[in-house]
Amino acid sequence: NQGVLCTPQMQQDICEYMQLSNHLYRALERNELVLHYQPQIHVDSRSIIGTEALVRWEHPGLGLLPPGKFIAIAEKTGLIHPIGEWVIRTACRQNKAWQAAGLPKIPVTVNLSVLQLNKPSFVQQLDAILQETGLEAQYLELELTESVVMHNLLATIDALAALRKRGIAIAVDDFGAEHASLQYLTRLPIDKLKIAKPFVQGMAGNKKDAAITSAVLAMAQKMGVRAIATGIETPQQVALLTHANCQEMQGFYFSKPLPPEAMAQLLQHGLAGPAGTA
Ligand code: C2E
Ligand code: MG
C-alpha cells in the first residue's frame, strides 16, 4: 500500500546490482577474478619494498570491473568469504612464484573485509594457505580499514595478535579517513599506517592537510609504527612527503596496479628513471 518514486538512475543501479550479483556467484568458478599488483616504493633508493594485491573482475559482458563495483555485493551476499580466500591464496601463490623465479623477496599485501576477520576460522584458514603455498608468513601483510578495526575491537585485538604471532604484518588502510580513534592505536597490535589519499593529495594546496600528514608521520615514527603515503600522483607530492620525512610511498606517479606479468617485469627491472615513468 505505498507508492515509491524511483529515478532512472536508481532503476539503473538496481538493474546493475541484480545483474552483477547473479553473475558474481559464478565468477570464481569461471576464473573471472584476477589480481593486479601495485608496487610500494622506498623513495630514496627507488626500490620496490612491497606490492598490494587488488582484485578485479573480468566480466564477460562488461569488461574489467574494479573492486568498487562488486566488493560491496560480495559482502552483502556472503560471497566475500570464498572470494577473500581466493584473493589470499592467489596473492600468496603469486608471491611465492616470484620468489622462486629469483625476484626480490618482498611482502604482498592483501585487503581484508570485516566479515573475513570476524570469521572464527579465519586464522586457521590463513595457516592452511601459507602451508599450501609455501609462502613464509613474513611475506604476507594484511590491510584493514579503520571501520574493520573498530567494528569489534576486542575480537579484533585477539585476531590481530594471533596473526602477528605468526609474523604476518598488519597495516591500517586509509588512516584518518574514517573513525581515526587514536586510542585504538595504543591498543591494537599494528605495524603500519597507510595515510589516506585525500590528505596526501591535499598537501600541496591545503595547509591543514599538510599539517595532518606531517603529524601522522611524526606520530607513527615516535610509536615505532611504519607509515606509507598513498595516492601519490605528482612529483610535488613526492617532494612534500620527502620533506616531511616520509620514505614509503604508493601511487600512480610510480605505477598503476599492474597485471602479474607486468608486475614481474617491474620487479625484475626496477622503476624506470627518476621521473618515475615505469
Ligand atoms: P585501497 O586498499 O585503498 O587501494 C588503493 C586504491 O587506490 C586502488 O583502487 C588503487 O588503484 C587506487 N590508487 C592507487 N594509487 C592511486 C593514485 O595515485 N591515485 C588514485 N586516484 N588512486 C590510486 P582499486 O583497485 O579500485 O581498489 C579500491 C578498493 O577496493 C581498495 O582500496 C580496497 O579497499 C578494495 N579492495 C581491492 N581489492 C580487494 C580485495 O581483494 N578484498 C577486499 N575486501 N577489498 C579489496
Ligand atoms: Mg589497501
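As a reminder, the structure under discussion sits directly above these lines.
The present account deals with the structure reproduced in this document. (Residues numbered from 1 in each chain as written. Chains lettered and ligands numbered in written order. Predicted model: local features only at pLDDT ≥ 70, side-chain atom pairs only at ≥ 80, totals over all residues. Heavy atoms only, no water.)

Quick look at the nonpolar core
Thought 1: Grouped together as the largest cluster of nonpolar side chains are 82 residues, with contacts concentrated most on Leu140, Leu142 and Leu163.
Thought 2: Per-element accounting of this core gives the leading share, seven residues, to helix H3 (residues 80-100).
Thought 3: If we skip the residues at most four places from it in the chain, Leu140 touches Ile88, Cys92, Val108, Val110, Leu126, Leu130, Leu135, Ile168 and Ala169. (Core = buried A, V, L, I, M, F, W, Y, C linked by side-chain atoms within 4.5 Å. Buried < 20%, exposed > 50% of the residue type's maximum accessible area, 1.4 Å probe, protein only. Helix = DSSP H or I, 4+ residues; strand = E, 2+ residues; numbered from the N terminus. Contact = heavy atoms within 4.5 Å.)

A short note on the site of ligand 1
Thought 1: Not every one of the 22 residues close to ligand 1 is listed here, only the nearest: Arg56, Asn111, Asp173, Glu233 and Phe252.
Thought 2: Val55 is positioned such that a nitrogen or oxygen atom in its backbone is 3.2 Å from a nitrogen atom of ligand 1.
Thought 3: Asp173 is positioned with one of its side-chain polar atoms (N or O) 2.8 Å from an oxygen atom of ligand 1.
Thought 4: Across the complex, the protein chains shield 80% of the 810 Å² of accessible surface that ligand 1 would expose by itself.
Thought 5: Elements supplying a minimum of two residues to the shell around ligand 1: strand S2 (47-59), strand S6 (169-175) and helix H9 (197-202). (Near = heavy atom within 4 Å. Polar contact = N/O pair within 3.5 Å; in protein donor to acceptor, adjacent residues only side chain to side chain. Areas by Shrake-Rupley, 256 points an atom, 1.4 Å probe, with all protein chains shown as cover.)

Thoughts on the packing of aromatic side chains
Thought 1: Summed over the entire model, instances satisfying the criterion amount to three aromatic pairs.
Thought 2: On the numbers, 5.7 Å between centres and 80 degrees between planes, the contact of Trp57 with Phe70 is edge-to-face. With Trp57 in strand S2 and Phe70 in the loop between strand S3 (63-65) and helix H2 (71-77), this residue pair connects regions lying 13 residues apart in the sequence.
Thought 3: According to the relative accessible area criterion, Trp57 is buried, its value standing at 0%.
Thought 4: Each ring, one from Tyr253 and one from Phe254, has its centre 5.0 Å from the other, and the planes form 80 degrees; the classification is edge-to-face. We note that Tyr253, like Phe254, is buried.
Thought 5: The ring of Phe252 has Lys256 lying over it, and the distance from NZ or CZ to the ring centre is 4.8 Å. (Phe/Tyr/Trp six-rings, centres within 6.5 Å; stacked < 30°, edge-to-face > 60°. Lys NZ or Arg CZ within 6 Å of the ring centre and 35° of its normal.)

Topic: the pattern of salt bridges
Two side chains that carry opposite charge are able to pair once their charged atoms sit near each other.
Thought 1: Enumeration over the complete set of coordinates arrives at twelve salt bridges.
Thought 2: Note that Arg89 is salt-bridged to Glu132, the shortest N-O span being 3.0 Å. With Arg89 in helix H3 and Glu132 in helix H5 (residues 122-133), this residue pair connects regions lying 43 residues apart in the sequence.
Thought 3: For Arg89, a relative accessible area of 21% gives the class partly exposed.
Thought 4: On the basis of relative accessible area, Glu132 is assigned to the partly exposed category, the value being 45%.
Thought 5: Salt bridges sharing common partners tie together Glu85, Arg89, Arg93 and Glu132. (Salt bridge = Lys/Arg side-chain N within 4 Å of Asp/Glu carboxyl O.)

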